[in-house]
Amino acid sequence: QVQLVESGGGLVQAGGSLRLSCAASRSIFSLNAMGWYRQAPGKQRQLVAVITSGGSTNYGESVKGRFTISRDNAKNTVYLQMNSLKPEDTAVYFCNGIANGLAVGSWGQGTQVTVSS
């Protein structure tokens, strides 16, 4: 059973915008905070944004003020609006549920974001 499906990535110039979407299974989405992670080549996966079931948000320092996470509870979907993109934002982006600080679901395929300078 596919639990997480990310989409919306692509190639964009520096300064541009993208909106990522993540469709999650109800079992993951309804009980947990949701987070967006990213993994650049040769680097560890890092958490960049979190939204609780109540809608509170938190961001990594490198994306604060540029990225916005949101969720649609009716659609079991979480979004990541990315503005003012930089080449260092280039990575594969993943989503997952978060409980007790840990990712709870099986990782999806992710969606590639490439920002050209």
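This one's a predicted model, so the numbers in the text were calculated from it and none came from an experiment.

1. Topic: the sheet that holds strand S3 (residues 18–24)
On the basis of which strands lie adjacent, the open sheet formed by four strands has the order S1-S3-S8-S7 and antiparallel pairing. Each of the sheet's edge strands pairs with one partner strand only, and the pair in question is strand S1 (4–7) and strand S7 (67–72). Each strand axis lies, on average, 15° off the axis of its neighbour in the sheet, ignoring direction. Sheet topology places S7 next to strand S8 (residues 77–82); six bridges connect them, and they run antiparallel. By the bridge assignment, Asp72 is partnered in S8 with Thr77.

2. Focus on the side chain of Asp89
Here Asp89 lies in the loop between S8 and strand S9 (91–99). Residue Asp89 is classed as buried on the basis of its relative accessible area of 0%. At a separation of 2.9 Å, a polar atom in the side chain of Asp89 contacts the side chain of Arg38. For Asp89, the contacting residues outside a window of four places in its chain are Arg38, Arg66, Phe67, Ser84, Val113 and Val115.

The rules we used
- Residues numbered from 1 in each chain as written.
- Predicted model: local features only at pLDDT ≥ 70, side-chain atom pairs only at ≥ 80, totals over all residues.
- Heavy atoms only, no water.
- Pairing = 2+ DSSP bridges.
- Helix = DSSP H or I, 4+ residues; strand = E, 2+ residues; numbered from the N terminus.
- Axes fitted to C-alpha atoms, helices over the stretch in contact; angles between N-to-C directions.
- Buried < 20%, exposed > 50% of the residue type's maximum accessible area, 1.4 Å probe, protein only.
- Polar contact = N/O pair within 3.5 Å; in protein donor to acceptor, adjacent residues only side chain to side chain.
- Contact = heavy atoms within 4.5 Å.

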